[in-house]
Amino acid sequence: MGVQQMEPELPSDAVGRRVSSGGERATVRFVGPVPPSTGPWLGVEWDNPDRGKHDGSHEGVQYFSCRNPKGGSFIRPAKVTFGVDFLTAVQQVYQMDSEEVMSEEIAVSSRKLKWVPITERSFESLPTVLLNRSDVNGPGADGDIRKTTPNVQYLDLCGTLLSCWEDVAAICQQLDRLEGLQLSFNRLRLPSDPWAHRQAFTNVTVLALNSCRLTWPQILECAPMWPQLEELCVEENDITELQRPDGVLQSLKTLSLFSNPLVQDTLLSIAALPRLEQLNLSKTDLSVIQLKDAAPGSQTAMFASLKKLNLDHNSISEWFVVDELAKLPSLVQLSCRGNQLVSSDGNPRTASQMLIAKLGHLDVLNNSEITHEDRRGAELDYIKMFGEEWLKAGGRSQPNSHFCQQHPRYQTLIDKYGAPEEGELKKPQPFALKNQLLKITFVFPDDADRTPIEKKLPATMEVQKVKGLLYRLLKVPTADLRLTYTTPKKLGTEFEIDSDLKTLQFYSIEDGDQVLVRWS
C-alpha cells in the first residue's frame, strides 16, 4: 500500500468531508492506520466508482463501506486536498485568464448565465458567481461573503467540495439577493434541522440538484429550506417512489424528474401541487398514466395548473394514455417522442395526427407549433380513419360505450365538422410491408445532367441499405454519399437524413417524396 511519507495535518472532522485528488471527487469514510503499513490513511469513496479498487476492505478487514463494490480506495492525506473557503475560490477562479473565462457560460436550470467583466478585482457588483468544479469547502469567516459579494443573484456551486447543507446555508445566508442556485454533482449530508435554514434560501426561486444521489423522501426532508422555490431540477438522481409534498414545494411551477427510475403508480403523489405548470418526466420508465377521478372525455382535478409536459423516451404504447392526458384541463404543450405509440398504418405522421386530434387544447406537439391547418387536417383525417368503426358501433344514433371510451373526442369532432360520408371513410389496413412501399424519386442537385431515378422501397428499409442501392446505381462509395429529402407538404424545406441505422419510416419519408443525393 505504499511507503510512509511526511503527511499534512488532517482536519479533526475529516470523516464525511469531501476531497479532491487527481481531478476526481470523493468522500472520506475512514481515517487511521491500515496495517501492516504505518501512518495515517484516508479511506475514500469515489464519486466515480471506476476510480476505486475495492469495497473498503483490506486483507479481510472492513474499514468502511461503499455503495459500489469497487468504489473505494485507501489514499495518503498528502494526495488529496480538502479545499478552500468561498472567497478564496472566488479569487482563484476570477484571476484566471480573462479571455478564457469570458468565453464560458453555464446553465442554472433552464437559464443561461454569462461571465461578467470585473473591474480592478472588485467583486461587489457581481450578479453571478460561477464556481463550477472549484474546491469550495465552506463559507470562511462569518460576514466576509456579505461584505465582498453582496449583489450575487445566481450562484453555481456545482461539483464542489461542500459536504453538508449547513455549509451551503452559511454561504447563502450572506447573499441577500440570491435567486438561482446550482448544486448539481455534490454529495451533501442532510440537514439536522431544515427549518433552521429557511432564512438562508428565502429568496431562492431556482434550484438544481442534478446527479446528487438523492431520493424523493430526502428531497422532501430538505424542502422546508426553500419556502419560495418555483423551479426545481432533480435529474439523474435515485428517485423511485414519489410521495405527496404536504406543506412543502407549494410554490413550485417547474419540476424536472428527467432520467429517474420512477415507480409509475406513485406519480399522482405530486398531482396536487397547486402551481405546477411544467413537468419533465422524460426517461423515467413510464408506460401508463391514469387519472381515475375523471371519466373519458371529462376533466380531472389533478395537475390543475399543468401546461407543459415532457414524456420523451418512455415506454408508452397504449393510446388510452393519450386519452388520459386529454383530461388535463390546462395542458397546451406536449413532447412525446421516443415512445411506442404507433398508428395502424405504421406511419409516424399518422401517429402525430392522432395525438393532435385526441388532444383538443394542444398548441405545441414535440416542440412544433400546431397551426389551425394542422389541427383541422388532423381532426378530419381522424374522423375518416375511425368512421367505419364509428358506424359499426352505432354511428349517428348512439355509439356504444366501448367506442366512446376508445375515442372520447370523436363525437365532439362530429359536432364540429359533421359526420363522415361513406365515400370518405378510410379503410384501415394492417401495418404490413405490402402497404408500406414508398414511391421515392432520387434526384441529383449537383449533377444536372443525371436523370432522376424512381424506385419503390419499403418504409422499413434502413438508410444504409438505401445507400447500398445507390452505390450499385451510381458506383459512388457509400461513405461519400450524403442524403436529404423534401416533401410536397413542406415546400422549400430540406430535411437531413443523418443516420445510416435509421429507417425511411423513422424520417417520416412518405410516398411521393424526393431524396436528394450528393457526394464528395
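Nothing here was measured: the structure is a model prediction, and the numbers come from that model.

(A) Looking closely at the packing of aromatic side chains. For the structure shown, the criterion picks out 13 aromatic pairs. Between Trp390 and Tyr410 the ring centres are 5.9 Å apart and the planes differ by 40°, which places this aromatic pair in the tilted class. Here Trp390 is found in helix α9 (residues 387-392), whereas its partner Tyr410 is found in helix α11 (residues 410-417), with 20 residues between them in sequence. The buried category is assigned to Tyr410, whose relative accessible area is 0%. Ring centres of Phe403 and Tyr410 lie 5.2 Å apart, and the angle between their planes is 85°; this geometry places the pair in the edge-to-face category. Summarising the burial analysis for this pair, Phe403 and Tyr410 share the class buried. Within the aromatic cluster, the residues linked to one another by ring pairs are Tyr382, Phe386, Trp390, Phe403 and Tyr410. Cation over ring: Arg51 sits above Trp46, and NZ or CZ is 4.2 Å from the ring centre. Directly above the ring of Trp41 sits Arg76, whose terminal nitrogen or CZ lies 3.8 Å from the centroid.

(B) Examining the sheet that holds strand β10 (residues 128-130) more closely. In spatial order, the strands read β10-β12-β13-β14-β15-β16-β17-β18-β19-β20-β21; together these 11 strands make up an open sheet with mixed pairing. What marks the edges here is a single partner per strand, and that holds for β10 and β21 (368-369). The pairing of strand β15 (residues 231-233) with strand β16 (residues 254-256) spans 3 bridges and is parallel. Residue pairing across strands places Glu231 opposite Thr254, the latter belonging to β16. Helix α1 (residues 86-94) rests against β10 and β12 (154-156) of the sheet, and its axis sits at about 85° to β10.

(C) Main features of the layout of surface pockets. Its boundaries defined by the atoms lining it, the largest pocket holds a volume of some 1600 Å³. Around the largest pocket, the lining comprises 39 residues; the ones closest to its centre are Pro348, Arg349, Ser352, Asn366 and Ser508. At the level of elements, α7 (348-358), β21, α8 (372-385) and β25 (495-497) are the ones that each hand at least two residues to the lining of the largest pocket. Looking at the lining of the largest pocket, its residues break down into 15 nonpolar, 14 polar and 10 charged.

(D) Summary view of the pattern of salt bridges. Enumeration according to the criterion identifies 20 salt bridges in this entry. Of the charged contacts, one joins Asp135 and Arg25 as a salt bridge, the two residues approaching to 3.3 Å between their closest N and O atoms. Of this pair, Asp135 sits in the loop between β10 and β11 (136-138) while Arg25 sits in strand β2 (residues 24-32), placing them 110 residues apart in sequence. Note that Arg29 and Glu45 form a salt bridge whose closest N and O atoms lie 3.0 Å from each other. Remark: Glu45 occurs in strand β3 (residues 41-46) and Arg29 occurs in strand β2; sequence separation between them is 16 residues. Given a relative accessible area of 37%, Arg29 falls into the partly exposed group. Counted as one network, the salt bridges with shared partners bring together Arg375, Glu379, Arg409 and Lys416.

(E) Here's a closer look at a negative patch on the surface. On the surface, Asp363, Glu369, Glu373 and Asp374 cluster together to form a negatively charged patch. Assignment of secondary structure puts Glu369 in strand β21. Judged by its relative accessible area of 63%, Glu369 is exposed.

(F) Structural detail: the environment of Leu504. With respect to the secondary-structure elements, Leu504 resides in the loop between β25 and β26 (514-519). The class for Leu504 is buried, based on a relative accessible area of 3%. Excluding residues that lie within four positions of it along the chain, Leu504 makes contacts with Ile440, Leu457, Pro458, Ala459, Met461, Val466 and Ile509.

(G) View of the sheet that holds strand β22 (residues 437-443). Pairing is mixed in the open sheet, where 5 strands are placed in the order β23-β22-β26-β24-β25. Of all strands in the sheet, those bounded by a partner on one side alone are β23 (453-458) and β25. Between one strand axis and the next, the sheet turns through 35° on average, direction left out of account. Of the strand pairs in this sheet, β22 and β23 are connected by 6 bridges, and their pairing is antiparallel. From the neighbouring strand, Phe442 faces β23, where its bridge partner is Ile453. Seen against the sheet, helix α12 (residues 463-474) touches β22, β23, β24 (481-486), β25 and β26 and runs at an angle of roughly 110° to β24.

(H) Structural view of the nonpolar core. Membership of the largest hydrophobic core comes to 96 residues, with the highest contact counts inside it found for Phe201, Trp226, Leu249 and Leu257. Contributions of two or more residues to this core are made by α1, β10, α4 (165-172), α5 (216-222), α6 (320-325), α7, α8 and α11. Residues in contact with Trp226, not counting those within four places in the same chain, are Trp165, Phe201, Leu207, Leu209, Ile219 and Leu249. Ranked by size, the runner-up nonpolar core spans 23 residues in total, among them Val466, Leu470, Val476 and Ile497.

(I) Up close: the environment of Thr148. Among the secondary structure elements, Thr148 is positioned in helix α3 (residues 144-148). Distance from Thr148 to Ser125, taken between C-alpha atoms, is 9.2 Å for residues 23 residues apart in sequence. Apart from residues no more than four positions distant in its own chain, Thr148 is found in contact with Leu87, Phe123 and Glu124. In terms of polar contacts, Thr148 uses its side chain to reach the backbone carbonyl oxygen of Asp144, at 2.8 Å.

(J) Seen up close, the pairing of strand β1 (residues 18-21). Along β1, one buried face is formed by Arg18 and Ser20 and the opposite face, lined by Val19 and Ser21, is buried too. As paired strands, β1 and β2 are joined by 4 bridges and run antiparallel to one another. Pairing of Ser20 across the sheet is with Arg25, part of β2. If you look at the hairpin formed by β1 and β2, you'll find 2 residues sitting between the two strands, and Gly22 has a positive phi there, around 60°.

About the thresholds
- Residues numbered from 1 in each chain as written.
- Predicted model: local features only at pLDDT ≥ 70, side-chain atom pairs only at ≥ 80, totals over all residues.
- Heavy atoms only, no water.
- Phe/Tyr/Trp six-rings, centres within 6.5 Å; stacked < 30°, edge-to-face > 60°.
- Helix = DSSP H or I, 4+ residues; strand = E, 2+ residues; numbered from the N terminus.
- Buried < 20%, exposed > 50% of the residue type's maximum accessible area, 1.4 Å probe, protein only.
- Lys NZ or Arg CZ within 6 Å of the ring centre and 35° of its normal.
- Pairing = 2+ DSSP bridges.
- Contact = heavy atoms within 4.5 Å.
- Axes fitted to C-alpha atoms, helices over the stretch in contact; angles between N-to-C directions.
- 1 Å grid on protein atoms, 1.4 Å probe; cavity = no way out; pocket = protein on both sides within 12 Å on 5 of 7 lines; lining within 4 Å.
- Points joined across faces, edges and corners; volume = space filled by probe spheres on them.
- Nonpolar A, V, L, I, M, F, W, Y, C, P; charged D, E, K, R; others polar.
- Salt bridge = Lys/Arg side-chain N within 4 Å of Asp/Glu carboxyl O.
- Patch = residues over 30% accessible without salt bridge, like charges linked within 9 Å, V, L, I, M, F, W, Y side chains within 5 Å.
- Areas by Shrake-Rupley, 256 points an atom, 1.4 Å probe, with all protein chains shown as cover.
- Lys, Arg positive; Asp, Glu negative; His and termini not counted.
- Charge placed at Lys NZ, Arg CZ, Asp CG, Glu CD.
- Core = buried A, V, L, I, M, F, W, Y, C linked by side-chain atoms within 4.5 Å.
- Polar contact = N/O pair within 3.5 Å; in protein donor to acceptor, adjacent residues only side chain to side chain.

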